[in-house]
Amino acid sequence: MPEQPYEPERAIAGTGMGGAMDLAASEATTLEGGPSAASGGRAPGGPAGKPRSLWSDAWRDLLRNPVFLLSALVIVFLVLISLWPSAIASGSPLTCDLAKAQDGPGPGAPFGYDGQGCNVYTRTVYGARTSVTVGLCATLGVALFGSVLGGLAGYFGGVWDAVLSRITDIVFAIPVVLGGLVLLSVVTSTTVWPVIGFMVLLGWPQISRIARGSVITAKQHDYVQAARALGASDTRILLRHIAPNAVAPVIVVATIALGTYIALEATLSYLGVGLKPPSVSWGIDISAASPYIRNAPHALLWPSGALAVTVLAFIMLGDAVRDALDPKLR
């Protein structure tokens, strides 16, 4: 059979099933150029052939998640009233009138008055500042302290890892509420800092273990080995290569734990070892209103409801962030 002359304007491409199909020269060139050429110079990941990162994909997923939008809206509102409580509540939360003790809702007091004649609405609004401050500061301290210790232990290993693991086990064995009753009972300060320090002291082991596991997984990747072979220092490898790829689990756990710390502060204040008067706290108000639950249930209902909504909002936010950052759920 005579050999067919080669025609540059036609190309033969295999079908992968023992046959062939005729393609125009321009179409063959397009296939040789790969997916980006076939799509007009754009890769499937994003515009101009640039693939989207984990964080951009997570942000897109969060914006389409109604749970995230609702919880974020509640949290933004709480932050705003924490910064400017006087914008929606007039008067001082420490101003009380015994003549109005246990009175129901009325003009200027839509939530009524507590057992000391204090405006429940004003105290509920101002109590948000304490809860948000404790939650954010405790979470930030726990995340930083636990991430540094766990990350260093996971990266260097050896004796450092063994010692930190034993210390973590010891701190984990301390009951949180019992530890608060013992440690905070000797504190006379009425500020939030002793409570925040206690939460950081007993809260870092969880974040530390998460960070340690993430760093151990990340340091085994090829890009870390390549950076080490090129002579990169340990500091550069940790900050530039490992930390950005190991921080996602820490963010998820810290976000969920934030609501837990707010509830813990209210619990300790309710037991009388957390914040103390004249500080304004939902836990203090719940404790003060408990004896009058039959005569003035409104004094207990509103701070309890505000606490429940706040904790739920942060837990929902953490769940949404976890779903967005977990590649197994995509």
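Small disclaimer: the values here were computed from a predicted structure and weren't measured. (Residues numbered from 1 in each chain as written. Predicted model: local features only at pLDDT ≥ 70, side-chain atom pairs only at ≥ 80, totals over all residues. Heavy atoms only, no water.)

**Let's talk about the confidence of the model for the protein**
In low-pLDDT segments, the atomic positions of the prediction should not be examined closely.
Turning to step 1, where the next piece is worked out: In this model, the protein carries an average pLDDT of 82, and 82% of its residues clear a pLDDT of 70 or more.
Turning to step 2, where the next piece is worked out: Note that residues 6–44 has pLDDT below 50 and, in this model, 31 contacts with residues that lie over four places away or in other chains. (pLDDT = per-residue confidence, 0-100. Contact = heavy atoms within 4.5 Å.)

**A closer look at unusual backbone geometry**
Turning to step 1, where the next piece is worked out: The linkage connecting Pro-277 with the following residue, Pro-278, adopts the cis geometry, with an omega of 15°.
Turning to step 2, where the next piece is worked out: Relative to the helices and strands, Pro-278 resides in the loop between α10 (234–271) and α11 (282–289).
Turning to step 3, where the next piece is worked out: In the Ramachandran plot, Gln-102 falls in the positive-phi region, its phi being about 65° despite a non-glycine side chain.
Turning to step 4, where the next piece is worked out: For Gln-102, a relative accessible area of 27% gives the class partly exposed. (Helix = DSSP H or I, 4+ residues; strand = E, 2+ residues; numbered from the N terminus. Buried < 20%, exposed > 50% of the residue type's maximum accessible area, 1.4 Å probe, protein only.)

**A word on the pattern of salt bridges**
Pairing of side chains with opposite charge becomes possible as their charged atoms draw close.
Turning to step 1, where the next piece is worked out: Going through the model one piece at a time under the given rule, you end up with 7 salt bridges.
Turning to step 2, where the next piece is worked out: One salt bridge in this structure joins Arg-322 and Asp-319, with 3.7 Å as the shortest N-O distance. In this pair, Arg-322 and Asp-319 both sit in helix α12 (residues 298–325), 3 residues apart, roughly one turn of the helix.
Turning to step 3, where the next piece is worked out: On the basis of relative accessible area, Asp-319 is assigned to the partly exposed category, the value being 27%. (Salt bridge = Lys/Arg side-chain N within 4 Å of Asp/Glu carboxyl O.)

**Section: the nonpolar core**
Turning to step 1, where the next piece is worked out: Formed by 36 residues in total, the largest nonpolar core has its most connected members in Phe-68, Ile-262, Leu-307 and Leu-325.
Turning to step 2, where the next piece is worked out: Within the residue set of this core, elements represented by two or more residues are α3 (54–63), α4 (66–83), α5 (120–156), α10, α11 and α12.
Turning to step 3, where the next piece is worked out: Ranked by residue count, the leading element in this core is α12, at 12 residues.
Turning to step 4, where the next piece is worked out: If you look at the next biggest cluster of nonpolar residues, it comprises 29 residues, including Ala-153, Val-195, Leu-202 and Val-250. (Core = buried A, V, L, I, M, F, W, Y, C linked by side-chain atoms within 4.5 Å.)

**A closer look at the environment of Leu-183**
Turning to step 1, where the next piece is worked out: Looking at the element boundaries, Leu-183 is found in helix α7 (residues 176–183).
Turning to step 2, where the next piece is worked out: Note: C-alpha distance between Leu-183 and Val-195 (12 residues apart in sequence) is 9.7 Å.
Turning to step 3, where the next piece is worked out: Setting aside anything within four residues of it in sequence, one finds Leu-183 in contact with Phe-198 and Leu-201.

**What about the environment of Ala-320?**
Turning to step 1, where the next piece is worked out: Secondary-structure assignment places Ala-320 in helix α12.
Turning to step 2, where the next piece is worked out: We classify Ala-320 as buried; its relative accessible area is 2%.
Turning to step 3, where the next piece is worked out: Remark: the alpha-carbon pair of Ala-320 and Ser-71, spanning 249 residues in sequence, is separated by 9.2 Å.
Turning to step 4, where the next piece is worked out: Apart from the residues lying within four places of it in its own chain, the contact partners of Ala-320 are Leu-62, Asn-65 and Phe-68.

**Brief notes about the packing of aromatic side chains**
Turning to step 1, where the next piece is worked out: Going through the model one piece at a time under the given rule, you end up with 5 aromatic pairs.
Turning to step 2, where the next piece is worked out: Ring plane angle 80° and centroid distance 5.1 Å describe the contact between Phe-111 and Tyr-121, whose orientation is recorded as edge-to-face. Placement of the pair is Phe-111 in the loop between α4 and α5 and Tyr-121 in helix α5, with a sequence separation of 10 residues. In terms of burial, Phe-111 and Tyr-121 fall into one category: buried.
Turning to step 3, where the next piece is worked out: An aromatic cluster of at least three residues, connected via ring pairs, comprises Phe-111, Tyr-121 and Trp-302. (Phe/Tyr/Trp six-rings, centres within 6.5 Å; stacked < 30°, edge-to-face > 60°.)

**Some thoughts on the side chain of Asp-161**
Turning to step 1, where the next piece is worked out: By secondary structure assignment, the location of Asp-161 is in helix α6 (residues 158–172).
Turning to step 2, where the next piece is worked out: What Asp-161 contacts, discounting residues up to four positions off in sequence, is Ala-153 and Arg-212.

**Things to note about the state of the cysteines**
Turning to step 1, where the next piece is worked out: Scanning all chains against the criterion turns up 1 disulfide.
Turning to step 2, where the next piece is worked out: Each sulfur in the disulfide pair Cys-96 and Cys-118 lies 1.7 Å from the other. With the S-S dihedral at roughly 80°, the linkage between Cys-96 and Cys-118 falls on the right-handed side. Taken together, the residues span a long stretch of sequence, with Cys-96 in the loop between α4 and α5 and Cys-118 in the loop between α4 and α5 at a distance of 22 residues. (Disulfide = S-S within 2.5 Å.)

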